[in-house]
Amino acid sequence: MKQTLYDKLWDSHIVTREEDGTCLLYIDRQLLHEVTSPQAFEGLRLAGRKPWRIDANLAVPDHNVPTDDRSVEIADPVSRLQVETLDQNCKEFGITEFGMNDPRQGIVHVIGPEQGATLPGMTIVCGDSHTATHGAFGALASASERQKWNMFWPPNV
């Protein structure tokens, strides 16, 4: 039976398939940003869990980062808190972050391809509505609800 690229990527990432057809997929890369990740980190804390495959995660502040002068503090207190919280969470959990003043910092759905974190054949999740654009690079990518991000960090067994 002929398969599309989508079918091939899906089938090659199935961990388990239930009788009703529901599949658990292996996720190769998770991209994180400051707006949708705090809830997942808090979920990990509350469950007493740590991320699995820390190297599969890459974080970048992008929604609340000034585009002109980064030498001054972020003016909006909510925006500043979100960026600072991402910094703290990444430090606490050992996740690579391209921080606000890192030359690799940029838009979350752009830095993956730019930095080689998005590769053909990967499965990618991110809490950003533009995540599907990674499909242009031959990846199977999907936006995830922020409350469910910690499901991509299963407990270490």
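Residues numbered from 1 in each chain as written. Predicted model: local features only at pLDDT ≥ 70, side-chain atom pairs only at ≥ 80, totals over all residues. Heavy atoms only, no water.

*Asks:* How do you make sense of the pairing of strand β1 (residues 14–17) when you look at a structure like this?
*Replies:* Side chains on a regular strand alternate between the two faces of the sheet. Here 3 bridges tie β1 to strand β2 (residues 23–25), and the two strands are oriented antiparallel to one another. The residue of β2 that forms the bridge with Arg 17 is Cys 23. Between β1 and β2, which pair antiparallel and follow one another directly, the connecting turn spans 5 residues, one of which, Gly 21, has a positive phi of 95 degrees. (Pairing = 2+ DSSP bridges. Helix = DSSP H or I, 4+ residues; strand = E, 2+ residues; numbered from the N terminus.)

*Asks:* Even after reading the chapter, I still don't get the sheet that holds strand β4 (residues 57–59), so can you show me in this structure?
*Replies:* To summarise the sheet geometry, strands pair through backbone hydrogen bonds and adopt either a parallel or an antiparallel arrangement. Strand order in the open sheet formed by 5 strands is β5-β4-β3-β6-β7, and the pairing between neighbours is parallel. Edge strands, defined here as strands with exactly one partner in the open sheet, are β5 (96–97) and β7 (140–143). Where β4 lies against β5, 2 bridges are found, and the strand directions are parallel. Its bridge partner being in β5, Leu 58 is matched across the sheet by Thr 96.

*Asks:* Hey, could you run me through the nonpolar core in this one?
*Replies:* For soluble globular proteins, the rule of thumb is that nonpolar side chains tend to be buried together. Counting 12 residues, the largest nonpolar core is built from Leu 31, Leu 58, Val 60, Phe 98, Val 108, Ile 111, Ala 117, Met 122, Ile 124, Cys 126, Ala 139 and Ala 141. One finds Phe 41, Leu 44, Ala 59 and Cys 90 within the second-largest nonpolar core, a separate group that totals 8 residues. (Core = buried A, V, L, I, M, F, W, Y, C linked by side-chain atoms within 4.5 Å. Buried < 20%, exposed > 50% of the residue type's maximum accessible area, 1.4 Å probe, protein only.)

*Asks:* Honestly, the pattern of salt bridges in this entry has me stumped. Any pointers?
*Replies:* Side chains bearing opposite charge may pair, as long as their charged atoms lie close to each other. Under the counting rule described, the total for this entry stands at 5 salt bridges. Measuring nitrogen to oxygen at the nearest pair gives 3.2 Å for the salt bridge that ties Glu 42 to Arg 45. A residue pair is termed a helical-turn pair when its members lie 3 or 4 positions apart in one helix, as Glu 42 and Arg 45 do in helix α2 (residues 38–47) at 3 residues. Its relative accessible area of 36% is what places Glu 42 among the partly exposed residues. Residue class for Arg 45 comes out partly exposed when judged on its relative accessible area of 31%. For Asp 102, the salt bridge is made with Arg 104, and the minimal N-O distance between the two is 2.8 Å. A relative accessible area of 17% places Asp 102 in the buried class. We classify Arg 104 as partly exposed; its relative accessible area is 35%. When salt bridges with common partners are traced through the structure, they connect Glu 42, Arg 45 and Glu 92 into a single cluster. (Salt bridge = Lys/Arg side-chain N within 4 Å of Asp/Glu carboxyl O.)

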